[in-house]
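Topology and contacts: notes
Next come the chains, spelled out residue by residue.
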Amino acid sequence: GQQLNQSPQSMFIQEGEDVSMNCTSSSIFNTWLWYKQDPGEGPVLLIALYKAGELTSNGRLTAQFGITRKDSFLNISASIPSDVGIYFCAGQVGGANNLFFGTGTRLTVIP
Amino acid sequence: NAGVTQTPKFQVLKTGQSMTLQCAQDMNHNSMYWYRQDPGMGLRLIYYSASEGTTDKGEVPNGYNVSRLNKREFSLRLESAAPSQTSVYFCASSEGLAGYGYTFGSGTRLTVV
């Protein structure tokens with residue numbers, strides 16, 4: 001399967017700080033998506049990106065589709081305690097009918 | 001609330017036992033998926049069904065079978081459970097193309113002893 005590498009694996013930040021994480025692939029993806037998983041729940045879609053270079057925001061979250069189409073970035077501004085969770089990137093290759101997921105970035109926000 | 005419903009939420013099996021994980025969605029989605037989540041490995045695709053009546057293998061299908069019973073329901077069966085199948089299992093659905101994103105269920109935590 002496709003390898004999606006996320007970094008960092010985990011982050012501990014103070015409430016109010018900004019957060020950056022990224023996802024890289026050895027393959028070109030047509031679509032990049034970012035999900036958040038709360039403890040005991042399934043992942044929930046945050047942002048979807050469909051064009052190289054695209055920058056999309058959802059509230060305090062901003063994600064970018066890398067120009068090479070092999071990477072994507074997620075930024076969270078002014079973090080709050082409810083941002084705690086695991087963030088996953090996911091990508092779609094060509095016309096495939098399934099997504100490949102990264103290994104996740106675990107975010108801890110210290111009040 | 002509308003969405004994807006998985007049952008059971010928790011299950012403990014002995015090695016060699018069989019069981020079926022159930023999944024149902026009420027969003028009239030065409031495609032359904034089964035993923036497993038293991039620590040440090042993200043989500044890996046087991047099987048998927050692009051539409052009613054079709055199923056295809058994903059990245060890690062060995063030891064599993066699936067049935068797309070109708071448009072709403074997609075079940076995952078373990079015929080002879082092994083400790084390596086201890087995991088959290090997620091069902092997901094999408095309206096059509098995977099690139100528009102999935103809606104996930106809340107998962108089934110399975111332990112095989």
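My aim in this report is to walk through the structure given alongside it, one point at a time. (Residues numbered from 1 in each chain as written. Chains lettered and ligands numbered in written order. Predicted model: local features only at pLDDT ≥ 70, side-chain atom pairs only at ≥ 80, totals over all residues. Heavy atoms only, no water.)

**A look at the interface of chain B and chain A**
Tallying the contact residues gives 23 residues for chain B and 20 residues for chain A. Taken together, the two surfaces of chain B and chain A that pack against each other cover about 1600 Å², and 56% of this comes from carbon and sulfur. The largest per-residue losses of area from chain B upon contact with chain A belong to B:Leu43, B:Gly99 and B:Phe104, which jointly make up 28% of the total buried on that side. Connecting chain B to chain A are zero salt bridges. For the pair chain B and chain A, the number of links is four residue pairs in polar contact (both at pLDDT 80 or more). (Contact = heavy atoms within 4.5 Å. Buried area = accessible area lost by both parts, 1.4 Å probe. Salt bridge = Lys/Arg side-chain N within 4 Å of Asp/Glu carboxyl O. Polar contact = N/O pair within 3.5 Å; in protein donor to acceptor, adjacent residues only side chain to side chain.)

**Remarks on the nonpolar core**
Generally speaking, soluble globular proteins have nonpolar side chains that are buried together. A:Trp32, A:Trp34, A:Leu74 and A:Leu107 are the most contacted members of the largest nonpolar core, which totals 22 residues. Elements that contribute at least two residues to this core include exactly strand E2 (10-14), strand E3 (19-25), strand E4 (31-37), strand E5 (44-49), strand E7 (61-65), strand E8 (71-76), strand E9 (85-92) and strand E11 (105-110) of chain A. With residues near it in sequence (within four places) discarded, A:Leu74 still touches A:Val19, A:Ser20, A:Met21, A:Trp34, A:Ile47, A:Leu61, A:Thr62, A:Ala63 and A:Tyr87. If you look at the next biggest cluster of nonpolar residues, it comprises 20 residues, including B:Cys23, B:Trp34, B:Val60 and B:Ala81. (Core = buried A, V, L, I, M, F, W, Y, C linked by side-chain atoms within 4.5 Å. Buried < 20%, exposed > 50% of the residue type's maximum accessible area, 1.4 Å probe, protein only. Helix = DSSP H or I, 4+ residues; strand = E, 2+ residues; numbered from the N terminus.)

**So, the state of the cysteines**
Evaluated as defined, the whole model comprises two disulfides over all chains. Residue A:Cys23 pairs covalently with A:Cys89 via a disulfide, S to S 1.9 Å. Its S-S torsion of about 45° marks the bond between A:Cys23 and A:Cys89 as right-handed, since a negative value means left-handed. Here A:Cys89 lies in strand E9 and A:Cys23 lies in strand E3, a separation of 66 residues in the sequence. The two residues A:Cys23 and A:Cys89 agree in class, both being buried. Between B:Cys23 and B:Cys91 runs a disulfide, and the two sulfur atoms are separated by 1.9 Å. (Disulfide = S-S within 2.5 Å.)

**A word on the sheet that holds strand E7 (residues 64-68) of chain B**
All names here are of chain B. Strand order across the open sheet formed by four strands is E1-E3-E8-E7, with antiparallel pairing between neighbours. Only two strands of the sheet have a single partner each, and these edge strands are strand E1 (4-7) and E7. Here the strands of the sheet are splayed against their neighbours by 15° on average, with no regard to which way each runs. When E1 meets strand E3 (residues 19-25), the two strands line up antiparallel, connected through four bridges. Counted as the bridge partner of Thr5 is Ala24 from E3. (Pairing = 2+ DSSP bridges. Axes fitted to C-alpha atoms, helices over the stretch in contact; angles between N-to-C directions.)

**A few points about the pattern of salt bridges**
Charged atoms that come close allow side chains of opposite charge to pair. Residues and elements named next belong to chain B. The tally for this structure, following the rule as stated, stands at five salt bridges over all chains. Linking Arg36 and Asp38 is a salt bridge whose minimum nitrogen-to-oxygen distance equals 2.9 Å. The same class applies to Arg36 as to Asp38, namely buried. Between Arg44 and Asp38 there is a salt bridge; the shortest N-O distance is 2.8 Å. For Arg44, a relative accessible area of 17% translates into the label buried. Assessed through its relative accessible area of 11%, Asp38 is described here as buried. Residues joined in a network through salt bridges with shared partners are Arg36, Asp38 and Arg44.

**Describing the sheet that holds strand E1 (residues 4-7) of chain A**
Backbone hydrogen bonds hold the strands of a sheet together, and the pairing may be parallel or antiparallel. All names here are of chain A. Taken together, the five strands give an open sheet; going across it, the order is E1-E3-E8-E7-E6, and neighbouring strands pair in antiparallel fashion. Each edge of the sheet is formed by a strand with only one pairing partner; in this case those strands are E1 and strand E6 (55-58). Neighbour-to-neighbour, the strand axes of this sheet turn through a mean angle of 15°, independent of strand direction. Pairing of E3 with E8, which is carried by six bridges, proceeds in the antiparallel orientation. By the bridge assignment for E8, Ser20 is matched with Asn75.

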